[in-house]
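Report on the structure
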Amino acid sequence: MNNYWKIRLKNMDPLRIADDKSSQHGQTDTLRYIPGSALRGYVMSELAKQAEFETWKPAFFNGQIRFMNAYLTVNGKELIPSLKGFFEDKTPCIDKKEIQNVIEKDVEPGYKRASLGSYCYVEGDCICYTGLELSEDININMGRTSERNVFRSQYLRKGQNFTGYVSMTDDIDVELREAVLEVLSKEIRVGNRRSGGYGTCCTVLEAMNEAVPYGEVRTQKSSKEFYLVLLSNLVMRSEIGELCGLNLDELAERLGCDKLELKRCATSTAQIYGYNRIWKGTIPSANMYEAGSVFSLTADQEIPEENFRRVETEGLGIRTAEGFGQVAFMEGFGQIIYKKPMEKAVEQVEIIQTSEKSKIHAGEDCRLA
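Throughout what follows, the structure given in this document is the object of discussion. (Residues numbered from 1 in each chain as written. Predicted model: local features only at pLDDT ≥ 70, side-chain atom pairs only at ≥ 80, totals over all residues. Heavy atoms only, no water.)

Topic: the overall build of the chain
Counting its regular elements, the chain contains five helices and 26 strands. Counting the 369 residues in the chain, one finds 44% classified as buried. A sequence separation of at least 24 residues applies to 72% of the contacts in the chain between residues at least 6 apart. As displayed, the chain offers around 20,200 Å² of accessible surface, 47% of which is attributable to carbon and sulfur atoms. (Helix = DSSP H or I, 4+ residues; strand = E, 2+ residues; numbered from the N terminus. Buried < 20%, exposed > 50% of the residue type's maximum accessible area, 1.4 Å probe, protein only. Contact = heavy atoms within 4.5 Å. Areas by Shrake-Rupley, 256 points an atom, 1.4 Å probe, with all protein chains shown as cover.)

Shown next as structure tokens:
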């Protein structure tokens, strides 16, 4: 059995985690989320300072500990990466707008991909969406010659909220579990330029008891027809170990049926890279389906609900211990026919009560002692 802890993060500094798939020469883009691999790497680097780390290390690779990506939270609402498969006409969206669901029918001529920001949540037949607050800085790199190279670096503005999850099995070492939770309950630092004022996040850790992450979209009941939604990037292996996208034979076996048929899908792919700080080198890249991709599948027999929940807990494909392969079996995806932008609540200014003696009058020179 897996036990889950929710990690609430707020970036107190600008946050940049380089997105190698979209970065180009002279510009560095940032990921729109905090990867589970970044959280796992931070925890492992902190625990490596302890003498017991060598005995604890296998738990980070054998599935006893899994770190999920941390996604944006707005107005207390936990969001998921925006779903794919929706098209719209060219009229602007003022409040609520009708869209077409390509999973259910072919798109009419003149329609374009629906603009759904980076994150969303589903409310009945409507998909509510929003984006992150991004900014960038411009730097001039002075080389050995007089030539000046200008480069742009994108980052997430400070003060945004994210929610991630970590799961640990019942048979994990008790001391290791407490050590992991202790690291995650303190201020953490992730991403690039940590020594330059970037990447500090304050955290709040919360035990979930019997609840499961993303329960609002993991709604599929027992059925022969269902929708598979990717909550993170995913790629599976074939019987001979090659990366193959979605392995229907393996998925059918894990769901407890003999055969699965792919009816329709709405996907995009990206080349996913990684870096190992201990080895000081890149790790093998993989071409994966991106988060938000959707597959409509039909089985040769009815799949019990508990089988859907088990696959969601275990994940699919490679690198599930570091945030990849998180999926949801979602009921009623084909009923989504509207989109609506989210309204972000204006944050209240914090008011600090001070005594009369401590007030600073206008025109006074105030310096730190």
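Remarks on the environment of Cys244
Structurally, Cys244 can be placed in strand 20 (residues 243–245). It is 9.2 Å that separates the C-alpha atoms of Cys244 and Asn287, two residues lying 43 residues apart in sequence. Apart from residues lying up to four places away in sequence, Cys244 is in contact with Val235, Met236, Arg237 and Ser238.

Re helix 1 (residues 36–47)
Under the 1.5 Å per step criterion, the end-to-end length of helix 1 is 16 Å for 12 residues, consistent within 8% with the ideal 16 Å. Among the residues of helix 1, those classed as buried are Gly36, Leu39, Arg40, Tyr42, Val43, Met44 and Leu47. In this fold, the buried residues of helix 1 make contact with strand 1 (2–11), helix 2 (53–56), strand 3 (65–67), helix 3 (174–184) and strand 16 (188–189). (Expected span 1.5 Å × (residues − 1).)

A word on helix 3
All buried positions along helix 3 are accounted for by Leu176, Ala179, Val180, Leu181, Val183 and Leu184. Where helix 3 begins, one side-chain oxygen reaches toward the backbone nitrogen of Glu175, 2.8 Å away; that side chain belongs to Asp173. (Polar contact = N/O pair within 3.5 Å; in protein donor to acceptor, adjacent residues only side chain to side chain.)

With respect to the state of the cysteines
Evaluation of the coordinates by the stated rule reveals zero disulfides. Of all cysteine sulfurs in the structure, the one in Cys128 sits closest to Cys120, which takes part in no disulfide; the separation is 8.7 Å. (Disulfide = S-S within 2.5 Å.)

Some remarks on a nonpolar patch on the surface
The grouping of Ile138, Ile140 and Val150 at the surface amounts to a nonpolar patch, some 300 Å² of accessible area in total. When you line up the elements, Val150 lands in strand 14 (residues 148–156). (Patch = residues over 30% accessible without salt bridge, like charges linked within 9 Å, V, L, I, M, F, W, Y side chains within 5 Å. Salt bridge = Lys/Arg side-chain N within 4 Å of Asp/Glu carboxyl O.)

What about the pairing of strand 25 (residues 327–330)?
As a general feature of sheets, a regular strand has side chains that alternate between the two faces. The alternating pattern of strand 25 places Val327 and Phe329 on one face and Ala328 and Met330 on the opposite face, and all of these are buried. The pairing of strand 18 (residues 223–230) with strand 25 spans four bridges and is classified as antiparallel. Bridging across to strand 25, Leu230 finds its partner in Val327. (Pairing = 2+ DSSP bridges.)

Observations concerning unusual backbone geometry
Of note, Tyr214 is a non-glycine position whose phi angle comes to about 55°, a positive value. Along the chain, the position of Tyr214 falls in the loop between strand 17 (200–207) and strand 18. Residue class for Tyr214 comes out buried when judged on its relative accessible area of 11%. Positive phi outside glycine occurs at Arg319, with the angle close to 60°.

A few points about the environment of Thr282
Following the sequence through the fold, Thr282 ends up in strand 23 (residues 281–289). Note on Thr282: relative accessible area 67%, which makes it exposed. Sequence-distant contacts of Thr282, that is, excluding residues within four places in its chain, are made with Gly274 and Tyr275.

Topic: the packing of aromatic side chains
Tallying each qualifying case throughout the model produces 11 aromatic pairs. On the basis of an interplanar angle of 75° and a centroid distance of 5.2 Å, the ring pair of Tyr289 and Phe295 is categorised as edge-to-face. Here Tyr289 falls in the partly exposed class, since its relative accessible area comes to 21%. The exposure class of Phe295 is buried, given its relative accessible area of 1%. (Phe/Tyr/Trp six-rings, centres within 6.5 Å; stacked < 30°, edge-to-face > 60°.)

A look at the sheet that holds strand 10 (residues 112–113)
One open sheet accounts for three strands, arranged 9-7-10; its pairing is antiparallel. Where the open sheet ends on each side, the last strands, each with one partner, are strand 9 (100–101) and strand 10.

As for the side chain of Asp29
Structurally, Asp29 can be placed in the loop between strand 2 (27–28) and helix 1. Within the structure, the side chain of Asp29 is placed 3.2 Å from the side chain of Arg152, a separation counted as a polar contact.

What about the pattern of salt bridges?
Side chains that differ in charge, positive against negative, can pair when their charged atoms come close. Applying the stated criterion to the full structure yields 24 salt bridges. Here Glu206 makes a salt bridge to Arg8, at a shortest N to O gap of 3.6 Å. Of the two residues, Glu206 sits in strand 17 while Arg8 sits in strand 1, which places them 198 residues apart along the sequence. What makes Arg8 partly exposed here is its relative accessible area of 31%. Linking Arg152 and Glu136 is a salt bridge whose minimum nitrogen-to-oxygen distance equals 2.9 Å. Here Glu136 lies in strand 13 (residues 134–142) and Arg152 lies in strand 14, a separation of 16 residues in the sequence. By relative accessible area, Glu136 is classed as partly exposed at 40%. Taken together, the shared-partner salt bridges in this structure form one network comprising Arg218, Lys221, Glu305, Arg309 and Glu312.

By themselves, these observations are geometric and do not establish any function.
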